Amino acid sequence: FELFARAIDSPEAHPQFNRAWPPPCETESPADHRLATHLGEVLLAFRTLDRRLRRPIRDCVQEMVGGMRTMIRGSHDARGVRFVCADLDQLERYCHHVAGTVGVMLTELFGVVVAKDAHFSVDSVRLEQGRRFGLGLQLTNILKDRRVDWQRGVSFLPPGWLEPATGQFDASRRRQLIERALSHLDQAHRYTLTLPPSPPGLRLFCLWALWMALATLREIGRDRQLSPKITREEVAQIVAFTRAHTADDAALDRRFTDYRAQVGAAL
């Protein structure tokens with residue numbers, strides 16, 4: 001972590017990071033290893049960016065690294081499962097470190113991209129909405145992958161929340177976490193509609209992530225699959241609808257409300 005953080009600001013530090021990175025192992029994907037061992041190329045591209053873009057990215061990376069350094073140990077149960085988060089508050093902190101920081105970064109980057117638009121400015125409200133967008137997406141991913149994580153010996157949910165043999169948790173815990181994720185995604189919806197509809201790229205980027213997360217929460221609420229996923233057909237429907245109604249706030253609001261009701265009905 002220290003070498004990586006130093007490399008962001010010091011080009012000469014990345015060879016030290018490369019030398020310290022371990023050889024490939026079973027738990028690391030080839031893509032992850034390739035990315036880590038080519039850090040120098042990534043940083044070279046980073047340094048070609050406009051200064052206004054580099055600052056939010058650097059701030060995000062440094063805060064993320066600092067946060068992750070505090071959460072790498074965790075605790076272990078008798079089966080050897082590693083619990084990353086001790087309680088619900090720590091789970092939210094973890095989500096902030098790995099995703100809330102990205103939401104803040106993207107908000108600042110969006111502010112640079114659409115700086116000429118009089119209807120968009122980066123303020124404390126919008127930064128917090130962007131942060132909670134990240135929290136909602138990350139919590140959804142943790143819920144979706146909880147059993148797969150359990151099978152590989154890791155849990156991001158607190159000790160005692162999951163049944164030891166299966167990695168399953170009871171309906172009340174599932175409801176609690178889904179409702180918490182929904183509260184974050186409510187802010188994500190408000191955030192998305194503050195983005196200018198033209199050019200449509202920023203809105204579509206947010207709408208796709210938001211609506212796919214809602215559909216995934218619905219499947220988690222139904223709790224019928226080992227790793228709840230939405231169908232390709234539904235992904236195609238989301239893409240088609242959002243492309244057709246990117247600038248129609250009323251239609252987007254109605255569809256969001258419908259998705260939210262589907263999640264509630266699944267609980």
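Structure first, text after, so check above.
What you see is a predicted model, and the numbers here were worked out from it, not measured in a lab.

K.L.:
Which residues make up helix α11 (residues 232–244), and what values do they have?
P.N.:
Across its 13 residues, α11 extends 18 Å between first and last C-alpha, which sits within 8% of the 18 Å expected from 1.5 Å per residue. Turning to α11, its buried residues are Glu 234, Ile 238, Phe 241 and Thr 242. The buried residues of α11 occupy an angular sector of 95 degrees when projected down its axis, which confines them to one face. With respect to the buried face of α11, the exposed residues turned more than 90 degrees away are Arg 232, Glu 233, Arg 243 and Ala 244. Tucked into the core, α11 has its buried residues touching α10 (201–222) and α12 (249–266).

K.L.:
An account of the sheet that holds strand β1 (residues 75–76) is needed here, citing residue identities and associated values.
P.N.:
Spatial ordering of the open sheet is given by β1-β2-β3, a layout of three strands whose pairing is mixed. Only two strands of the sheet have a single neighbouring strand rather than two, namely β1 and β3 (154–155). Pairing analysis gives two bridges linking strand β2 (residues 82–83) to β3, with the strands arranged parallel. Each bridged residue has a counterpart across the sheet, and for Arg 82 the counterpart in β3 is Val 154.

K.L.:
Got a sec to walk through the packing of aromatic side chains? Specific residues and values, please.
P.N.:
What the rule picks out here adds up to eight aromatic pairs. On the numbers, 6.0 Å between centres and 65 degrees between planes, the contact of Phe 83 with Trp 150 is edge-to-face. Of the two residues, Phe 83 sits in strand β2 while Trp 150 sits in helix α8 (residues 146–151), which places them 67 residues apart along the sequence. Accessibility assignment for this pair places Phe 83 and Trp 150 in one class, buried.

K.L.:
A description of the side chain of His 184 should follow, citing residues and the corresponding values.
P.N.:
Position of His 184 among the secondary structure elements: in helix α9 (residues 171–194). Given the relative accessible area of 5%, His 184 is considered buried.

K.L.:
Explain empty space enclosed by the protein to me, and be specific about the residues and the numbers.
P.N.:
Counted according to the given criterion, the structure contains one cavity of 30 Å³ or more. Considered as a void within the structure, the largest cavity measures approximately 40 Å³ in volume. The wall of the largest cavity is formed by Ile 142, Arg 146, Asp 149, Val 154, Ser 155, Phe 156, Leu 157 and Leu 162. Looking at the lining of the largest cavity, its residues break down into five nonpolar, one polar and two charged.

K.L.:
How would you explain the state of the cysteines if you had to name every residue and give the values?
P.N.:
Under the criterion given, the structure shown has zero disulfides. Left unpaired, Cys 85 is separated from the closest cysteine sulfur, that of Cys 95, by 7.0 Å. According to the relative accessible area criterion, Cys 85 is buried, its value standing at 1%.

K.L.:
Please set out the nonpolar core residue by residue, giving values where relevant.
P.N.:
Residues Leu 91, Tyr 94, Trp 211 and Leu 217 are the most contacted members of the largest nonpolar core, which totals 53 residues. Among the secondary structure elements, those contributing two or more residues to this core are α6 (88–113), α7 (124–144), α9, α10, α11 and α12. A per-element tally of this core places α10 first, with 10 residues. Leu 217 has contacts with Thr 140, Leu 143, Ile 178, Ala 181, Leu 182, Leu 185 and Val 263, leaving out every residue within four places of it along the chain. In terms of nonpolar packing, the next biggest core, distinct from the first, is built from 11 residues, Ala 5, Ala 7, Ala 13 and Leu 39 among them.

K.L.:
Explain α6 to me, using residue names and the numbers behind them.
P.N.:
Residues three or four positions apart in an α-helix share a direction because the helix packs 3.6 residues into each turn. Taking 1.5 Å of rise per residue, the 26 residues of α6 would be expected to cover 38 Å, and the 35 Å separating its terminal C-alpha atoms lies within 8% of that figure. Considering bend angle alone, the principal kink of α6 is centred on His 96 and spans about 50 degrees.

K.L.:
I'd like a rundown of the environment of Met 64, residues and numbers included.
P.N.:
Along the chain, Met 64 turns up in helix α5 (residues 51–69). Beyond its immediate chain neighbours, meaning those up to four positions away, Met 64 contacts His 97, Val 98, Thr 101 and Val 102.

K.L.:
Which residues make up the side chain of Arg 203, and what values do they have?
P.N.:
Examined against the element boundaries, Arg 203 turns out to sit in helix α10. Given the relative accessible area of 2%, Arg 203 is considered buried. A distance of 2.9 Å separates a polar side-chain atom of Arg 203 from the backbone oxygen of Leu 193. Here Leu 195 takes part through its backbone oxygen, which lies 2.8 Å from a polar atom of the side chain of Arg 203.

K.L.:
Go over the layout of surface pockets with me, naming the residues and quoting the values.
P.N.:
Here the largest pocket defines a volume of roughly 1,600 Å³. Forming the boundary of the largest pocket are 36 residues, of which Phe 1, Trp 21, Asp 32, Ala 36 and Met 68 lie nearest the centre. Of all the secondary structure elements, the ones that give two or more residues to the lining of the largest pocket are α1 (2–9), α2 (14–20), α3 (30–37), α4 (39–46), α5 and α6. Ranked by residue count, the leading element in the lining of the largest pocket is α5, at seven residues. Empty space within the second largest pocket amounts to approximately 200 Å³.

The rules behind each value
Residues numbered from 1 in each chain as written. Predicted model: local features only at pLDDT ≥ 70, side-chain atom pairs only at ≥ 80, totals over all residues. Heavy atoms only, no water. Helix = DSSP H or I, 4+ residues; strand = E, 2+ residues; numbered from the N terminus. Expected span 1.5 Å × (residues − 1). Buried < 20%, exposed > 50% of the residue type's maximum accessible area, 1.4 Å probe, protein only. Arc of directions from axis to C-beta. Contact = heavy atoms within 4.5 Å. Pairing = 2+ DSSP bridges. Phe/Tyr/Trp six-rings, centres within 6.5 Å; stacked < 30°, edge-to-face > 60°. 1 Å grid on protein atoms, 1.4 Å probe; cavity = no way out; pocket = protein on both sides within 12 Å on 5 of 7 lines; lining within 4 Å. Points joined across faces, edges and corners; volume = space filled by probe spheres on them. Nonpolar A, V, L, I, M, F, W, Y, C, P; charged D, E, K, R; others polar. Disulfide = S-S within 2.5 Å. Core = buried A, V, L, I, M, F, W, Y, C linked by side-chain atoms within 4.5 Å. Bend = angle between axes of the 7 residues up to and from the residue. Polar contact = N/O pair within 3.5 Å; in protein donor to acceptor, adjacent residues only side chain to side chain.

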